[in-house]
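# Structure assessment
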Protein chains: 2
Amino acid sequence: MDEFDLIRRYFSTLTPPRADVALGIGDDAALLRPPRGHEVVVTTDTLIAGRHFSEDSDPQAVGWKALAVNLSDLAAMGAEPRWFTLALTVRMADPDWLAGFAAGLGALARETGIALVGGDTTQGALSITITAMGTVPAGKAVRRSGAQVGDAVCVTGTLGDAALALRLGQGEARGEAQSAELERLRTRLHRPVPRVAAGAALRSVVHAAIDLSDGLAGDLRHILDASDVGAELHAHRLPASPAFKALSDPEERLKLQVSGGDDYELCLCLSPRAIAKLRKRLDVPLTEVGRIVKGKSLKLLDVRGKVLALDPYGYRHFT
Amino acid sequence: MDEFDLIRRYFSTLTPPRADVALGIGDDAALLRPPRGHEVVVTTDTLIAGRHFSEDSDPQAVGWKALAVNLSDLAAMGAEPRWFTLALTVRMADPDWLAGFAAGLGALARETGIALVGGDTTQGALSITITAMGTVPAGKAVRRSGAQVGDAVCVTGTLGDAALALRLGQGEARGEAQSAELERLRTRLHRPVPRVAAGAALRSVVHAAIDLSDGLAGDLRHILDASDVGAELHAHRLPASPAFKALSDPEERLKLQVSGGDDYELCLCLSPRAIAKLRKRLDVPLTEVGRIVKGKSLKLLDVRGKVLALDPYGYRHFT
């Protein structure tokens, strides 16, 4: 048994068995049993050391986030997560790093009930590719293309926390209270909670959805393009956490909330009459932040209805 | 649109549409429709530049092989290939490299009817992770664990070609005839043909199967362990191609055929009475190379039935 066999052993019992897994890790491929009348929902995301996380990041956070970003995609489709594969590339088999990584990955997997069913372990520059699979009743998946003029634009949770954590970097906060707030922001960045339960709840209610990985403006833009509509967002309605309010520079707030990525909240388009109904089903706050309108443009309005400058490509080009 | 958006465009129309893809590339996730009464078969393999191929490898061959190794796993389960995702990490968006890679990947995908349904493109050290999905009628997948005492051990195609190509390296062959033979071996190494049609044909006939990626000894060992049986292989029955016979050193032949990897043929265990029936269904030669026996050991016998030295871990430790 070489060191890479040892790594495989770390993962062979990471998640508890599921009845819909006929055969898991250990053969040429896994055998999965989707429920009758369901479609299979599949997404893949790669995290690269030095780009998506730093080489010296807490491995537990890396393991957690590698799965979280995929679960977030499944949630945005309204899917129930079921299975995932892990392609892990590491420079060497460092037992401490692997134990941490497996602990973080396993914690989120068990919390959301998704099973690790296969993968590949290779030697090279540190990176993680997860392919996550779930199911939706046939025809019930939520797509980006269903937004309708008159729909409310809503977001789950709060916006800007992860971007602010990134902005504040590793610098020490001054007071104890500030440290606690900063820690909350960092948790949002490093251990985002994918809106898995919300994903299942929004099926048959919302017309379109996307998860917020690149920032509200850039991600909502994808819905607008796919649905051939425009939108107006109200800057003063964007939900902010107490930690965000406490630690953000007032001049930067809007930029962080509109164009900051990594929050992994959901952006939803639905009939304004359906908001109250959906809110009751959710385990996370839902805030109406704007409307779908005719046209193609995405406008950001201030409290008096005046249009604010907005780069539609999100944080990449926002000035 | 940044350069990585451009890369995505390369792949968005790589494969023709399939009726069982409700939604392909371009949303948060793909939506797939497995046929009723089927299980979904999933496998993931990563190829890393500098380990599985060299940085200056022909990108067409890299694209082909990245998919081939996954299709080979599906074939070993008896699955019909349907969908795959591509996680591609590149240092930069080199249009020539990407065009070649997409051409090689697309050629094999179209040939085998598998559709690219999603993926992720990131910047970093060159690597490719493909997750391939297929289906089998429920309960009909071929596993490693079904080999029975008395079964014949058979292999498709010929063994040792890829290992010999690797052994001969990039050195120039002397004569023109040798060059043609060498080219055949190199094609086996760089563009392995996964036994997709054979995979579907072997369902309900064979008791156990595995694809030969690490070498006959090492891979058959997995079947023996999973099935709790032993095996005897006959060295003189191992099928060799004309190119292999022409260019291999007689002293190295057995090592290359028993412990050389990368052939991507299938190793099958089945009732000796079923061989003729299976042979008729296959588009590739099938050779009986041994028997499943009681016990746990894997023995290699010469033409007189004398046991030859064999390291069960294949090419990694074979001396």
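Residues numbered from 1 in each chain as written. Chains lettered and ligands numbered in written order. Predicted model: local features only at pLDDT ≥ 70, side-chain atom pairs only at ≥ 80, totals over all residues. Heavy atoms only, no water.

Within chain A, the secondary structure is distributed over ten helices and 13 strands. Compactness check: chain A gives a C-alpha radius of gyration of 20 Å against a globular reference of 20 Å for 319 residues, within 12% of the reference. If you line up chain A on its principal axes, its C-alpha atoms span 70 × 55 × 30 Å. Expressed as a percentage of its 319 residues, the buried residues of chain A come to 60%. Considering only residue pairs separated by 6 or more positions, chain A has 85% of its internal contacts joining residues 24 or more positions apart. For chain A, the accessible surface area stands at approximately 13,300 Å², while carbon and sulfur atoms represent 50% of it. (Helix = DSSP H or I, 4+ residues; strand = E, 2+ residues; numbered from the N terminus. Rg over C-alpha atoms; globule rule 2.2 N^0.38 Å. Buried < 20%, exposed > 50% of the residue type's maximum accessible area, 1.4 Å probe, protein only. Contact = heavy atoms within 4.5 Å. Areas by Shrake-Rupley, 256 points an atom, 1.4 Å probe, with all protein chains shown as cover.)

Before going further, it helps to examine the pairing of strand S4 (residues 80-90) of chain B. Residue and element names in this part refer to chain B. The buried fraction of S4 amounts to ten of the eleven residues, a majority that puts the element mostly inside the structure. Strand direction decides the pairing type here: S4 and strand S6 (residues 127-137), joined by nine bridges, are antiparallel. The residue bridging Thr85 from the neighbouring strand is Thr131, located in S6. Bridge analysis of S4 against strand S5 (residues 115-123) gives eight bridges, and the strand direction is parallel. When the sheet's bridge partners are listed, Leu86 is paired in S5 with Gly119. Regarding the hand of the β-α-β motif, the stretch spanning S4, helix H3 (residues 95-112) and S5 is right-handed. (Pairing = 2+ DSSP bridges. Right-handed = clockwise from strand over helix to strand, strands pointing away.)

This paragraph deals with the relation of the copies chain A and chain B. Rotating chain A by 180° and moving it 0.0 Å along the rotation axis overlays it on chain B with an RMSD of 0.0 Å. What the rotation and shift describe, once combined, is the action of a two-fold rotation axis. (Least-squares fit on C-alpha atoms with pLDDT ≥ 70 in both.)

We now examine the packing of helix H2 (residues 59-76) of chain B against H3 of chain B. Residues and elements named next belong to chain B. Closest axis-to-axis distance for the H2/H3 pair is 6 Å, and the angle between their directions is 35°. For H2 against H3, the interelement crossing comes out right-handed. From H2, Pro59, Gln60, Val62, Gly63, Trp64, Leu67, Ala68 and Leu71 reach across to H3, where they touch Trp97, Gly100, Phe101, Ala103, Gly104, Leu105, Ala107, Leu108, Ala109, Glu111 and Thr112. (Axes fitted to C-alpha atoms, helices over the stretch in contact; angles between N-to-C directions. Left-handed = near helix turned anticlockwise from the far one by under 90°.)

Time to look at the domain arrangement of chain A. Residues and elements named next belong to chain A. What the domain assignment reports for chain A is domain 1 (3-137) and domain 2 (144-308). Computed from C-alpha coordinates alone, the two centres of domain 1 and domain 2 are separated by 26 Å. Counting the surface lost from both domain 1 and domain 2, the interface buries some 1,500 Å², and carbon and sulfur atoms represent 60% of this. Three residues, Trp64, Lys65 and Ala76, lead the burial of domain 1 against domain 2; their summed loss comes to 32% of the area buried on that side. Residue Asp262 pairs with Lys65 through a salt bridge whose shortest N-O separation is 3.6 Å. Connecting domain 1 to domain 2 are six residue pairs in polar contact (both at pLDDT 80 or more). (Domains from an automatic or database assignment. Buried area = accessible area lost by both parts, 1.4 Å probe. Salt bridge = Lys/Arg side-chain N within 4 Å of Asp/Glu carboxyl O. Polar contact = N/O pair within 3.5 Å; in protein donor to acceptor, adjacent residues only side chain to side chain.)

Time to look at the interface of chain A and chain B. Taken residue by residue, the interface counts 47 residues in chain A and 47 residues in chain B. Taking both sides of the interface into account, the surface hidden between chain A and chain B amounts to around 4,000 Å²; carbon and sulfur atoms contribute 51%. On the chain A side of the interface with chain B, the three residues burying the most area are Asp28, Leu31 and Val42 of chain A, jointly 16% of the side's total. Our count for the chain A to chain B interface comes out at six salt bridges. One salt bridge in this structure joins Asp27 of chain B and Arg144 of chain A, with 3.6 Å as the shortest N-O distance. Across the chain A-chain B interface, the total number found is 21 residue pairs in polar contact (both at pLDDT 80 or more). At the level of elements, strand S1 (21-23), strand S2 (30-32), strand S3 (38-48), helix H2 (59-76), strand S4 (80-90), strand S5 (115-123), strand S6 (127-137) and strand S8 (208-211) of chain A are the ones that each hand at least two residues to the side of chain A that touches chain B. Ranked by residue count, the leading element in the side of chain A that touches chain B is S3 of chain A, at ten residues. Each residue belonging to the side of chain A that touches chain B can be placed in one class, and the counts come to 20 nonpolar, 13 polar and 14 charged. (Nonpolar A, V, L, I, M, F, W, Y, C, P; charged D, E, K, R; others polar.)

Our focus in this paragraph is the sheet that holds S5 of chain A. Pairing is mixed across the open sheet formed by six strands, whose spatial order is S5(A)-S4(A)-S6(A)-S3(A)-S2(B)-S1(B). Because the sheet does not close on itself, it has two edges, and the strands there are S5 of chain A together with strand S1 (21-23) of chain B. Between one strand axis and the next, the sheet turns through 20° on average, direction left out of account. Sitting on the sheet, H2 of chain A touches S3, S4 and S6 of chain A, and the angle it makes with S3 of chain A is about 145°. Sheet strands touched by helix H3 (residues 95-112) of chain A: S4 and S6 of chain A. Its angle to S4 of chain A, the strand with the most contacts, is close to 170°.

This brings us to the environment of His38 of chain B. Mapped onto the elements, His38 of chain B comes out in strand S3 (residues 38-48). The spacing of His38 of chain B and Ser204 of chain B is 166 residues in sequence and 15 Å in space, taken between C-alpha atoms. Residues in contact with His38 of chain B, not counting those within four places in the same chain, are Pro34 of chain A together with Thr135, Val136, Pro137 and Ala138 of chain B.

The subject of this paragraph is the pattern of salt bridges. For side chains bearing opposite charge, pairing can occur when the charged atoms are close. Taken as a whole and judged by the stated rule, the model has 34 salt bridges over all chains. One salt bridge in this structure joins Asp20 of chain A and Arg82 of chain A, with 2.6 Å as the shortest N-O distance. On the criterion of sequence distance, the pair formed by Asp20 of chain A in the loop between helix H1 (3-12) and S1 and Arg82 of chain A in strand S4 is long-range, its members being 62 residues apart. For the pair formed by Asp20 of chain A and Arg82 of chain A, the shared burial category is buried. The partner of Glu265 of chain B in a salt bridge is Arg188 of chain B, and the shortest N-O contact between them spans 2.8 Å. Placement of the pair is Glu265 of chain B in the loop between helix H9 (253-259) and strand S10 (266-270) and Arg188 of chain B in helix H5 (residues 176-190), with a sequence separation of 77 residues. For the pair formed by Glu265 of chain B and Arg188 of chain B, the shared burial category is buried.

All names here are of chain A. For the structure shown, the criterion picks out four aromatic pairs over all chains. With a centroid separation of 6.1 Å and 80° between ring planes, the pair formed by Phe11 and Phe101 is classed as edge-to-face. Residue Phe11 is located in helix H1, and its partner Phe101 is located in helix H3; the two are separated by 90 residues in the primary sequence. Residue classification places Phe11 among the buried residues on the basis of a relative accessible area of 5%. Grouped by ring-pair contacts, the aromatic residues Phe11, Trp97 and Phe101 constitute a single cluster. (Phe/Tyr/Trp six-rings, centres within 6.5 Å; stacked < 30°, edge-to-face > 60°.)

Further remarks concern the side chain of Arg144 of chain A. Assignment of secondary structure puts Arg144 of chain A in the loop between S6 and strand S7 (152-156). For Arg144 of chain A, the side chain forms a polar contact with the side chain of Asp28 of chain B, separated by 3.3 Å. Other than its neighbours up to four places away in sequence, Arg144 of chain A contacts Ala208, Ala209, Ile210, His222, Ile223, Ala226 and Ser227 of chain A together with Gly26, Asp27 and Asp28 of chain B.

A few words on H2 of chain B. With 18 residues, H2 of chain B should cover 26 Å at 1.5 Å per step; its first-to-last C-alpha distance of 26 Å lies within 8% of that length. Of all 18 residues in H2 of chain B, 17 are buried; the element is thus mostly enclosed. (Expected span 1.5 Å × (residues − 1).)

Here the focus is the sheet that holds S7 of chain A. All names here are of chain A. Spatial strand order, S8-S10-S7-S11-S9-S12-S13: seven strands in an open sheet with mixed pairing. Looking at the sheet topology across the chains shown, the edges are occupied by S8 and strand S13 (307-308). Here S8 pairs with strand S10 (residues 266-270) via four bridges, running antiparallel. For Asp211, the partnering residue across the bridge sits in S10 and is Leu266. Where H2 meets the sheet, its contacts fall on S8 and S10, and the angle it forms with S8 comes to roughly 175°. Contacts from helix H7 (residues 216-227) reach S7, S8, strand S9 (230-234), S10, strand S11 (286-293) and strand S12 (298-301) within the one sheet, and its direction differs from that of S8 by about 145°.

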